[in-house]
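Each chain, letter by letter, is given below.
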Amino acid sequence: MSLSLPAAPSASASASASEASPASHAQGVSPGQDGLAQTPPMGFNNWNATHCGPEFNEQLIKNTADLFVSKGLKDAGYEYINLDDCWAQPRRDRNGKLVPVPERFPNGMKALAEYVHSKGLKIGIYTSAGTKTCDRPRGFPGALGHEKSDAMQFAEWGIDYLKYDNCNNNGIDAEKRYQDMGNALKEASEATGHPIVYSVCEWGENKPWEWANGVGGHLWRTTYDILDNWDAMLRNAKQTLPLARYAGPGRWNDPDMLEVGNGGMTDTEYRTHFSLWSIMAAPLLIGTDLRKATPATYEILGNREVIAVDQDPLGVQGSVVSSEDGRWVISKEMQDGSRTVALFNESDRPQRISTSAAEVGLGQAQGYTLRDLWKHRTYQSGGTVSATVPAHGTVLYRVSADRNWKSYPPAADLVLDGTTIAEPGAPARLSSVFTNLGRGQARSVLVDVDAPEGWRVTPTSKPYGKRVQPGRSLTTGWQLTPPVDAKPGVYTVNVRADYYAPKRVKGIQDSSLEIHVAKAPPTGNSHASDLDWVSAQNGFGPAEKDKSNGNQPPGDGRTLTIGGVTYAKGIGVHAASAVTYYTGGRCSAFTAQVGLDDETGQAGSVTFEIWADGRKVASTGAVSATDPARTLSAAIDGAHSVRLVVTDAGDGIRFDHADWGNAVFHC
């Protein structure tokens, strides 16, 4: 936990793990010397799900331990049940000891630790390297000046893991503060025989990757707090990817806890989140209330093939091979000599991402196998590693040189391409493309498209092929028509190809495309906030209609206000933001009064942009918090979609609450 969000530490996302060796460690524990955290810690932390809410209590911890066992998470490798802030009374007792809040933890920490241990699991706790913890309204006792007493108390309770935050630190040197607790934990361990994993939550402000292991740390935060949205998750991943050379057994880069299951991202984005954390050998700490988790959440968190990537005993963090135009290739060396390869699509449209066995570090071989770790299928390849990856998606392959490559069907790419927006009752045209990426023929290829109930699906060319040679494709046209009464929203269309290798080994490829059913604005002038948008990506919280962005929960904003002028209608967003509307070629112009909302004070700067059918047609340039509202207008004649974009103007996004006041489509 950390409640501040200053500018992020700079990092080059394309830095390689082969760069100069890490800075010399401070005097203290050498990498992996104490035998703890030889693979990245896995477990649970309540903060992302509960914060300091009333549901954070003894029952939550016990229920989570029970679910670890009953749902198979313990068997999958999850081990730690960690408490975050707000577990302690605001004041220490007369002996200077920490006291659990009795309403939350009526039986105390020692009894709770014993319960968790009885399940074959471990328990963690939280405090801060300051006078108080990070909880703003109250602030509970921090450990600054109490390191030895607190460390001994934790060890005597049976605590196995300490998250040590960075709030209220009085400006004291970070390395010294964390060294003091590292020494205290070591002394407590020697006195009680109870070792404690040490998580240095310094937010990356003073490059803890260069010194935290030397002060006893087993993992260290490389970033500020994660949030349950795409941009925050991506920010933390990009800041951590360049630090691969600092990771290894007993010393891990920590881009913060998982948000999987909390509802702010799609399942596709959560699979990317889990894939990136695993290929970065990051700690996997579940941050959702498992009592409320969906089957899809359990499927992501429990994927043992992906977990095996994170927990590989070689302990190598994946390194960036390439990242051009949002097409990321990340490769991680595995103990058995294979490579795990993430093909990650940062962009908001499907993209073909390709690399080769040689580029990801494998030697020359007659053939290779590609194991798809999300679909649990194995294919053969002559060395090509490629896939068309959906927007914000990740394909995760484990690639091996394999003498038995002929035993598997050829790898193939299958994509459904074409319009992503359809009107009720109007036909939309798509094409499926099946491409053979293997060494042998793909025979008896049959392609089928499955649309939601009530949709009409008709092939406009043949959906089958007797033989598809390596490197060749089978392309089929399709016409899809939503029902006349289809409600606006997002619908999934699936495509599947069944085929055979020469020895009748069956192959399957499948993918999907999201189709947005939308209606164009009516004739005349329409306020954007009165229309249904196709999609809305936003930096913090949701985009708001007729309110400022606020910061987090839906509806938490205020009246849109720019330079003292209020607007009853409009859209409130936070950079980086993109709100997309379907206009169907029926609108001529868009106009708005734009600027930073007065609720940000005097800080922040952004750029407003209007995009029509993927082409930028208007921009304000940099707009600061002290600027009055600007008029922004654009001709959008013939455009089928219009995207309203707000980007950071270079000073970080912390204060970038941006308003599209009186936003109107002229149709």
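Every value quoted in this text rests on a predicted model; they were computed, and no experiment measured them. Per chain, residues are indexed from 1 in the order of the written sequence. At least 70 in pLDDT is required for a residue's local features to be given in this predicted model, at least 80 for side-chain atom pairs to be given and counted, and no such filter applies to totals for whole chains, interfaces and linings, which use all residues. Processing note: side-chain calculations cover all non-hydrogen atoms of the structure and skip hydrogens and water entirely.

### Describing the packing of aromatic side chains
- In this scheme Phe, Tyr and Trp rings, the latter by its six-membered ring, pair at centre separations within 6.5 Å, and the angle between planes marks the pair as stacked below 30 degrees, edge-to-face above 60, and tilted otherwise. All told, the structure shown has 20 aromatic pairs when counted by the stated rule.
- When the centroid spacing of 5.5 Å and the interplanar angle of 50° are considered together, the rings of Trp455 and Tyr491 count as tilted. With Trp455 in the loop between strand 20 (442-450) and strand 21 (456-459) and Tyr491 in strand 24 (residues 489-500), this pair connects stretches of sequence that are 36 residues apart.
- Three labels apply to residues, based on accessible area from a 1.4 Å probe with only protein chains included: buried if under 20% of the type maximum, exposed if over 50%, partly exposed otherwise in between. Judged by relative accessible area, which is 10%, Trp455 ranks as buried.
- Three or more aromatic residues joined by ring pairs make a cluster, and in this case those are Trp533, Tyr581, Phe590, Phe608, Trp660 and Phe665.
- Here, a charge over a ring is recorded when the distance from Lys NZ or Arg CZ to the ring centre is within 6 Å and its angle to the ring normal is within 35 degrees. The ring centre of Trp611 lies 5.2 Å from the NZ or CZ of Arg643, which sits over that ring. Think of it this way: any DSSP run of H or I at least four residues long counts as a helix, any run of E at least two long counts as a strand, and we number them from the N terminus.

### A short note on the pattern of salt bridges
- We count a salt bridge whenever a side-chain nitrogen from Lys or Arg sits within 4 Å of a carboxyl oxygen from Asp or Glu. Scanning the entire structure with this criterion turns up 25 salt bridges.
- A salt bridge links Lys62 to Glu58, with the shortest nitrogen-to-oxygen separation between them at 3.4 Å. Remark: Glu58 and Lys62 occur in helix 2 (residues 58-70); sequence separation between them is four residues, near one turn of the helix.
- Accessibility expressed as a relative area gives 7% for Glu58, which makes it buried.
- Arg221 is the partner of Asp256 in a salt bridge, and the nearest nitrogen-oxygen pair spans 3.2 Å. Residue Asp256 is found in the loop between strand 7 (252-254) and helix 8 (267-279), and its partner Arg221 is found in strand 6 (residues 219-221); the two are separated by 35 residues along the sequence. The exposure classification of Asp256 matches that of Arg221, with both residues buried.

### Remarks on the side chain of Ser529
- Mapping Ser529 onto the fold places it in the loop between strand 26 (525-527) and strand 27 (535-537).
- Owing to a relative accessible area of 7%, Ser529 belongs among the buried residues under this scheme.
- Contacts described as polar in this section are N or O atom pairs within 3.5 Å, which, within protein, must combine one atom able to donate a hydrogen with one able to accept it, while residues neighboring in sequence count only if both atoms come from side chains. Within the local environment of Ser529, its side chain forms a polar contact with the side chain of Asp546, the two groups lying 2.7 Å apart.

### What about the nonpolar core?
- Among the buried residues, those of types Ala, Val, Leu, Ile, Met, Phe, Trp, Tyr and Cys that are joined through side-chain atoms within 4.5 Å form a nonpolar core. Core analysis: the largest hydrophobic core is formed by 105 residues, its most contacted members being Tyr78, Trp87, Phe274 and Trp277.
- Aside from chain neighbours lying at most four places away, what touches Trp277 is Ile226, Met233, Asn236, Ala237, Pro255, Asp256, Met257, Leu258, Ala282, Pro283, Leu284 and Asp310.
- Judged by nonpolar contacts, the second largest core, of 44 residues, contains Tyr368, Tyr397, Val447 and Leu480. In what follows, residue pairs with any heavy atoms lying within 4.5 Å of each other are defined as contacts.

### Describing the pairing of strand 37 (residues 641-648)
- Sheet analysis places strand 32 (residues 577-582) next to strand 37, joined by six bridges and oriented antiparallel. By the bridge assignment for strand 37, Tyr581 is matched with Val642.
- Two strands pair under a simple rule: DSSP has to find at least two bridges between them. Strand direction decides the pairing type here: strand 34 (residues 605-612) and strand 37, joined by seven bridges, are antiparallel. Each bridged residue has a counterpart across the sheet, and for Phe608 the counterpart in strand 37 is Val646.

### Quick notes on the state of the cysteines
- Our working definition of a disulfide is a cysteine sulfur pair at a distance within 2.5 Å. With the rule as written, the count across this model stands at three disulfides.
- Here Cys52 pairs with Cys86 through a disulfide, and the sulfurs are 1.7 Å apart. A torsion of 50° about the S-S bond marks the disulfide between Cys52 and Cys86 as right-handed. With Cys52 in the loop between helix 1 (47-50) and helix 2 and Cys86 in the loop between strand 2 (80-82) and helix 4 (108-118), this pair connects stretches of sequence that are 34 residues apart. For the pair shown, Cys52 and Cys86 are each scored as buried.

### Describing the packing of helix 7 (residues 230-240) against helix 8
- At their nearest, the axes of helix 7 and helix 8 sit 11 Å apart, and the two run at 15° to each other. Between helix 7 and helix 8, the crossing angle belongs to the class labelled roughly parallel. Taken as a pair, helix 7 and helix 8 cross one another with a handedness that is left-handed. Packed against helix 7, whose contacting residues are Trp230, Met233, Asn236 and Ala237, the element helix 8 presents Glu269, Thr272, His273, Leu276 and Trp277 at the interface.
- Three categories are distinguished: nonpolar for Ala, Val, Leu, Ile, Met, Phe, Trp, Tyr, Cys and Pro, charged for Asp, Glu, Lys and Arg, and polar for the others, with Gly belonging to the last. When grouped by side-chain class, the residues that make up the contact of helix 7 with helix 8 number five nonpolar, three polar and one charged. Think of each axis as a best-fit line through the C-alpha atoms, taken over the contacting stretch in the case of a helix, with angles from 0 to 180 degrees between the N-to-C directions. Our angle categories are set so that under 35 degrees counts as roughly parallel, over 145 as roughly antiparallel, 65 to 115 as roughly perpendicular, and the remainder as oblique. Crossing handedness is defined as follows: a turn of the near helix away from the far one that is anticlockwise and smaller than a right angle gives a left-handed crossing, while the clockwise case is right-handed.

### Quick look at the sheet that holds strand 20
- In spatial order, the strands read 18-25-24-20-22; together these five strands make up an open sheet with mixed pairing. This sheet does not close on itself; its edge strands, each paired only once, are strand 18 (421-422) and strand 22 (464-468).
- Bridge analysis of strand 20 against strand 22 gives four bridges, and the strand direction is antiparallel. Within the sheet, the bridge partner assigned to Arg443 lies in strand 22 and is Arg467.

### Details of the confidence of the model for the protein
- How sure the predictor is of each residue is captured by pLDDT, a score from 0 to 100. When pLDDT is averaged along the protein, the result is 93, and 95% of the positions lie at 70 or above.
- Within the model, pLDDT remains below 50 along residues 2-31, and this stretch shows 68 contacts once partners closer than five positions in the same chain are excluded.

### Structural notes on the sheet that holds strand 37
- Strands sit in the order 27-32-37-34-35 across an open sheet of five strands; the sheet is antiparallel. Taken across any chain shown, the strands that pair with only one partner, and hence form the sheet edges, are strand 27 and strand 35 (615-624). Taken pair by pair, the neighbouring strands of this sheet meet at an average axis angle of 10°, ignoring direction.

### Here we look at the packing of helix 2 against helix 4
- Between helix 2 and helix 4, whose axes approach to 10 Å, the crossing angle comes to 15°. Between helix 2 and helix 4, the crossing angle belongs to the class labelled roughly parallel. In terms of crossing hand, the pair formed by helix 2 and helix 4 is right-handed. Two secondary-structure elements touch here, helix 2 through Glu58, Ile61, Lys62, Ala65 and Asp66 and helix 4 through Gly108, Leu112, Tyr115 and Val116.
- Split into classes, the residues belonging to the contact of helix 2 with helix 4 amount to five nonpolar, one polar and three charged.

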